[in-house]
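Okay, here's what each chain looks like letter by letter:
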Amino acid sequence: MEIRNLTEREMNVLKLLTQGLENSEIASILFISPHTVKACVSSILKKLSSKNRTQAIYVAMKNGMLM
């Protein structure tokens, strides 16, 4: 599996995903729109070859992207 680099924004969203937050909550924290969060999550899933948020978090942790 090839993991592509995440942008700074995608990393910020990914870190908040680990807290179990919803898109609207992440949007409020990062001062971005829920649509932008949704786009970031989709990009994260694609870049990490993941089917869902939980799998993306697992892949990121397994590859040392999250501590």
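The residue count restarts for each chain, going from 1 along the sequence in the order it is written. It should be noted that, the model being predicted, local features are given only for residues of pLDDT at least 70 and side-chain atom pairs only at 80 or more, the latter also being counted only at that level, while totals for whole chains, interfaces and linings use all residues. Derived side-chain values reflect all non-hydrogen atoms in the structure, with water molecules and hydrogen atoms excluded from consideration.

Draft legend 1. Structural detail: helix H3 (residues 34–47). In this model H3 runs 20 Å from its N-terminal to its C-terminal C-alpha over 14 residues, within 8% of the 20 Å that 1.5 Å per residue would give. Taken as a whole, H3 has its buried residues at Val37, Cys40, Val41, Ile44, Leu45 and Lys47. Along the axis of H3, the buried positions cluster into a sector of 165°, meaning they face one direction only. Seen from the open side of H3, the exposed residues pointing more than 90 degrees away from its buried face are His35, Lys38 and Lys46. Here, two residues are considered to be in contact whenever any of their heavy atoms come within 4.5 Å of each other. In this description a helix means any DSSP run of H or I spanning at least four residues, a strand means any run of E spanning at least two, and both kinds are numbered starting from the N terminus. Residues of H3 that are buried sit in contact with helix H1 (8–17), helix H2 (23–30) and helix H4 (53–62). At the C-terminal side of H3, Ser49 shows a positive phi close to 50°. Multiplying 1.5 Å by the residue count of a helix minus one yields the expected span of that helix. Summary of the burial criterion: residues with accessible area below 20% of their type's maximum are buried, those above 50% are exposed, and those between are partly exposed, where the area comes from a 1.4 Å probe applied to protein chains only. What the arc describes is the spread of directions from the helix axis to the C-beta atoms.

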